[in-house]
Amino acid sequence: MSEPKTQTNTGRQEQVRAAEELLFAGPQKLGLAKGFFLGRFVTDWVLPYPGIRPEEQVAVNDALGQLRAFLDQHLDPARIDRQADIPRAVIDGLARLGVFGMTAPRDVGGQGLSQMAYCRVMEEIGSRCASTSIFVNVQHSIGMRALLLFGTPEQKRRWLPPLVRGEKLAAFALTEAEAGSDAANVRTSARPSADGSHFLLNGEKRYITNGGIAQVLTVMARTPVPGRDETAITAFLVTPDMPGLVVLEPRMEKLGIRGTATARLAFRDMPVPKENILGAPGKGLKVALTVLDFGRTTFGACCTGAAKTCLRLAVQHANTRRQFGRTLGEFELTKKKIARMAAGAYAMEAMTNVTASLIDRGLEDYMLETAMLKVFSTEALWMLVNEAFQVHGGAAYFTDRPLERMLRDARINQIGEGANEVLTSFIALVGMRAPGEQLREILEALQHPWGELRKVWLLGLDQVGAAVRAPEVPVKNPRLQPHASRLGALIRRFNVEVDRALIRHREEILERQYVQERIARAAMELFACACVLSRWDAELQTDGTEAATSATAPSAAEFFLRGSFRRARRSLAEMHENDDAVTTAVADWMLERGGELR
Ligand SMILES: Cc1cc2nc3c(=O)[nH]c(=O)nc-3n(C[C@H](O)[C@H](O)[C@H](O)COP(=O)(O)OP(=O)(O)OC[C@H]3O[C@@H](n4cnc5c(N)ncnc54)[C@H](O)[C@@H]3O)c2cc1C
């Protein structure tokens, strides 16, 4: 059994590098988010604004129409919450509509639609019921996606059709007592039998959605590495009829998404045939992280759906509730909330759409964009639910309205599928790898002035060039040019600050989470601004349609961009003026005193 890792710089660097390599091992192509860290704007990742492919538009419209009709009639989110269960009729209905196989190929019974199309469907479900959207996500994105991406042809033929048809439910079991955010710390073991025909699974998993009701579980366990005194994580396909699977708790009582069944499981000498290994032996973490990477896109879609519901509810209430002889919407402090909510929902939708299009285009290295989408949209939804709640006042507190449920449901998003803090650190460290390598090369080259002089000159020029020139952000509509120029200038400033931070902190940057957070936050705002500008540009180009009319109206996009530029500038300014030392001092004092103020 491998020992827990030490948190040395080298160790941390190894973890980040390993995570990146696990997610992406092909030739590196500079993407939008990684480009920001080098002072570049990779136009074709975000402009023009992507849309559903014309050839699938009819199928998507049909699917959405049927889905809405079904949900209107059969989905009762309040009842699902109260009874802590999603009725089988709802699951069967969604299966009949093909929701569980939206992006699965047709030869296994799927619909073969794009990720963007799937996101539209998830937005619709997410706008109504978070339990149901998370259930679908587990079945489709996490449960089945692992098979689609890593299954052998034989495994796909055997396991996928019943999952697509919803006859079997899926679960994805990674988390354990010692392996939460630190996913690599899995302790569940899988020992090969003497004849090598099967593995014996031993260990416990917790917080597993569908864990007690699934017929197909993807379980992460440690297997010996042949010829070495080490273990590595391997993914196994497990079914509940295998002797030794114990459901310790099928439905843990919980705060939100109460319709989902979250389980605690144990494996006691459970024999699993070697044919049930999913992906390469020892590469289970790659399976897990890749699958989570995909899942984060639909997280964005579900949060967008819920955000739009919050906005609609807040507006309805603000237009009808009267106090002091006026509607609430006539007060500036309500207007401010509504404008903020509209801007947030607009940005979430734009970011989801752009990120899904990266998957559809077959681009491989979109891990920063999906991580940014996850952190941004889960925080934005939390803000939106909170603002809608406040607009409703006491009325929101009672169970006859949906907001108290939506508030409870929204809280998991910042924790699940990668806690936001872990992803924030990941965004900064993965993003800084390319500029870090460049700077290291410059420093190394400086020690060999004769042989490497030309390289120093070229690399240095490249760095200075990025620092002097702001990249062009080529929007079509002249009205948007000032915003595009502002974004270009901010990307340049961001790149300068990243280089400064790397020069100042060097390897220590791996431990400087305050700095990482500022860099990640600024990068997220840049990504959000790029997506919003792209969407706004596209809307302004749509002639004579409803979208064009609304685009000339006071714009949520403009409001978002103004605030986002300000937030990015503030994050960068705080690189130089901050309370880091006193923050650490207060926290350490509290940690030492057991949290007692006096
Ligand atoms: C309702 C629900 C459903 C779930 N479904 C599944 C499932 O289907 N399958 C599955 O495998 N798992 C599932 N999970 C588990 C989920 O993915 C984990 O809860 C999550 O990864 C966080 O792990 P943890 O709870 O152990 O928190 P911890 O790892 O203990 O982290 C606690 C907090 O510490 C902070 N933190 C942790 N690491 C760092 C760091 N490096 N830097 C800074 N701050 C840090 C973060 O703020 C984090 O929120 C589910 C959880 C819940 C609550």
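Residues numbered from 1 in each chain as written. Predicted model: local features only at pLDDT ≥ 70, side-chain atom pairs only at ≥ 80, totals over all residues. Heavy atoms only, no water.

So, the overall build of the protein chain
Phase 1 of the analysis: Summing up its helical and strand segments, the protein chain has 20 helices and ten strands in all.
Phase 2 of the analysis: Taken over 598 residues, the protein chain has a buried fraction of 54%.
Phase 3 of the analysis: For the protein chain, contacts bridging at least 24 residues in sequence account for 74% of all contacts bridging at least 6.
Phase 4 of the analysis: Only carbon and sulfur atoms are counted for the fraction: they give 54% of the accessible area of the protein chain, which is about 27,300 Å². (Helix = DSSP H or I, 4+ residues; strand = E, 2+ residues; numbered from the N terminus. Buried < 20%, exposed > 50% of the residue type's maximum accessible area, 1.4 Å probe, protein only. Contact = heavy atoms within 4.5 Å. Areas by Shrake-Rupley, 256 points an atom, 1.4 Å probe, with all protein chains shown as cover.)

Let's talk about a positive patch on the surface
Phase 1 of the analysis: Taken together, the side chains of Arg486, Arg566, Arg569 and Arg570 define a basic patch exposed on the protein surface.
Phase 2 of the analysis: Relative to the assigned elements, arginine 566 resides in helix 19 (residues 556-573).
Phase 3 of the analysis: In this structure arginine 566 comes out as partly exposed when scored by relative accessible area, which is 48%. (Patch = residues over 30% accessible without salt bridge, like charges linked within 9 Å, V, L, I, M, F, W, Y side chains within 5 Å. Salt bridge = Lys/Arg side-chain N within 4 Å of Asp/Glu carboxyl O. Lys, Arg positive; Asp, Glu negative; His and termini not counted. Charge placed at Lys NZ, Arg CZ, Asp CG, Glu CD.)

Looking at unusual backbone geometry
Residues other than glycine predominantly adopt negative phi, and peptide bonds predominantly adopt the trans conformation.
Phase 1 of the analysis: For the bond running from leucine 47 to proline 48, omega is -5°, close enough to zero to count as cis.
Phase 2 of the analysis: One non-glycine residue, isoleucine 257, lies in the positive phi region at around 30°.
Phase 3 of the analysis: Relative to the elements of secondary structure, isoleucine 257 occurs in the loop between strand 6 (245-249) and strand 7 (262-273).
Phase 4 of the analysis: With a phi angle near 45°, arginine 506 is a residue other than glycine that sits in the positive phi range.
Phase 5 of the analysis: Following the sequence through the fold, arginine 506 ends up in the loop between helix 16 (481-505) and helix 17 (513-541).

Considerations on helix 3 (residues 54-74)
Along an α-helix, residues three or four positions apart point the same way, because every turn accommodates 3.6 residues.
Phase 1 of the analysis: With 21 residues, helix 3 should cover 30 Å at 1.5 Å per step; its first-to-last C-alpha distance of 30 Å lies within 8% of that length.
Phase 2 of the analysis: When we look at burial in helix 3, the residues that qualify are Glu56, Val60, Ala63, Leu64, Leu67, Phe70 and Leu71. For helix 3, the angular spread of buried residues about the axis comes to 135°, placing them on one side. For helix 3, the exposed residues set more than 90 degrees away from the buried face come down to Pro54, Val58, Asp72 and Gln73. (Expected span 1.5 Å × (residues − 1). Arc of directions from axis to C-beta.)

A word on the site of the ligand
Phase 1 of the analysis: Looking at the ligand, there are 16 residues lining it, with Phe172, Thr175, Ser181, Tyr207 and Thr209 nearest.
Phase 2 of the analysis: A distance of 2.8 Å separates a nitrogen atom of the ligand from a polar atom in the backbone of phenylalanine 172.
Phase 3 of the analysis: Contact between the ligand and threonine 209: a nitrogen atom at 2.8 Å from a side-chain N or O atom of the residue.
Phase 4 of the analysis: About the coverage of the ligand: the protein hides 66% of its 970 Å² of free accessible area.
Phase 5 of the analysis: Among the elements of the structure, strand 3 (198-209) and helix 13 (420-431) are those that each provide at least two residues to the shell around the ligand.
Phase 6 of the analysis: For the shell around the ligand, the leading source of residues is strand 3, giving three residues.
Phase 7 of the analysis: Considering only residue class, the shell around the ligand consists of nine nonpolar, five polar and two charged. (Near = heavy atom within 4 Å. Polar contact = N/O pair within 3.5 Å; in protein donor to acceptor, adjacent residues only side chain to side chain. Nonpolar A, V, L, I, M, F, W, Y, C, P; charged D, E, K, R; others polar.)

Description of the packing of helix 6 (residues 115-126) against helix 10 (residues 332-360)
Helices that pack against each other are described as a pair by the angle of their axes relative to one another and the distance between those axes.
Phase 1 of the analysis: Where helix 6 contacts helix 10, the two axes come as close as 8 Å, and the packing angle between them is 145°. Where helix 6 abuts helix 10, its residues Gln115, Met116, Cys119, Arg120 and Glu123 lie against Glu349, Thr352, Asn353, Ala356, Ser357, Ile359 and Asp360.
Phase 2 of the analysis: In terms of residue class, the contact of helix 6 with helix 10 is built from four nonpolar, four polar and four charged. (Axes fitted to C-alpha atoms, helices over the stretch in contact; angles between N-to-C directions.)

Focus on the pairing of strand 4 (residues 216-224)
Phase 1 of the analysis: In terms of burial, strand 4 is a largely internal element, eight of the nine residues being buried.
Phase 2 of the analysis: Pairing geometry for strand 1 (residues 170-173) and strand 4, over four bridges, is parallel. Within strand 4, the position partnered with alanine 173 by the bridge is valine 219.
Phase 3 of the analysis: Examined bridge by bridge, strand 4 and strand 5 (residues 231-238) share eight bridges and lie antiparallel to one another. (Pairing = 2+ DSSP bridges.)

Quick look at the side chain of threonine 103
Phase 1 of the analysis: If you trace the backbone, threonine 103 turns up in the loop between helix 5 (88-96) and helix 6.
Phase 2 of the analysis: Here the side chain of threonine 103 touches arginine 145 through a polar contact of 3.3 Å, side chain to side chain.

Considerations on helix 5
Phase 1 of the analysis: Inspection of helix 5 places Val90, Ile91, Gly93, Leu94 and Ala95 among the buried residues, and these make up the whole buried set.
Phase 2 of the analysis: On the buried face of helix 5, the contacting elements are helix 3, helix 6 and helix 7 (130-150).
Phase 3 of the analysis: Phi for glycine 98, located one or two positions after helix 5, is positive at around 85°.

Here's the deal with the pattern of salt bridges
Between side chains of opposite charge, pairing is possible as soon as their charged atoms come close.
Phase 1 of the analysis: What the rule picks out here adds up to 33 salt bridges.
Phase 2 of the analysis: With a closest N to O distance of 3.8 Å, aspartate 81 and arginine 258 form a salt bridge. Within this pair, whereas aspartate 81 is found in helix 4 (residues 77-83), its partner arginine 258 is found in the loop between strand 6 and strand 7, the two being separated by 177 residues in sequence. Here aspartate 81 matches arginine 258 in class, with each residue buried.
Phase 3 of the analysis: Note that arginine 567 is salt-bridged to glutamate 525, the shortest N-O span being 2.9 Å. Placement of the pair is arginine 567 in helix 19 and glutamate 525 in helix 17, with a sequence separation of 42 residues.

Some points on the state of the cysteines
A covalent bond bridging the sulfur atoms of two cysteines is what the word disulfide describes.
Phase 1 of the analysis: Inspection of every chain in the model, using the stated rule, returns zero disulfides.
Phase 2 of the analysis: Cysteine 119 forms no disulfide, and the closest cysteine sulfur to it belongs to cysteine 302, at a distance of 8.2 Å. (Disulfide = S-S within 2.5 Å.)

Comments concerning the confidence of the model for the protein chain
Phase 1 of the analysis: Predicted confidence across the protein chain gives a mean pLDDT of 91, with 89% of residues reaching 70 or more.
Phase 2 of the analysis: Within the model, the stretch residues 1-7 combines pLDDT values under 50 with 15 contacts to residues more than four positions away or in other chains. (pLDDT = per-residue confidence, 0-100.)

Regarding the nonpolar core
Inside soluble globular proteins, nonpolar side chains tend to come together where they are buried.
Phase 1 of the analysis: Among the nonpolar cores identified, the biggest contains 95 residues, and Phe41, Leu487, Phe494 and Ile519 are the most heavily contacted of them.
Phase 2 of the analysis: Among the elements that line this core, the one with the most residues is helix 17, at 16 residues.
Phase 3 of the analysis: The next biggest cluster of nonpolar side chains, apart from the first, holds 31 residues, and it includes Leu71, Leu94, Phe135 and Ala301. (Core = buried A, V, L, I, M, F, W, Y, C linked by side-chain atoms within 4.5 Å.)

Considering the environment of valine 496
Phase 1 of the analysis: Note that valine 496 resides in helix 16.
Phase 2 of the analysis: When the C-alpha positions of valine 496 and leucine 38 are compared, they lie 8.8 Å apart, and in sequence the two are 458 residues distant.

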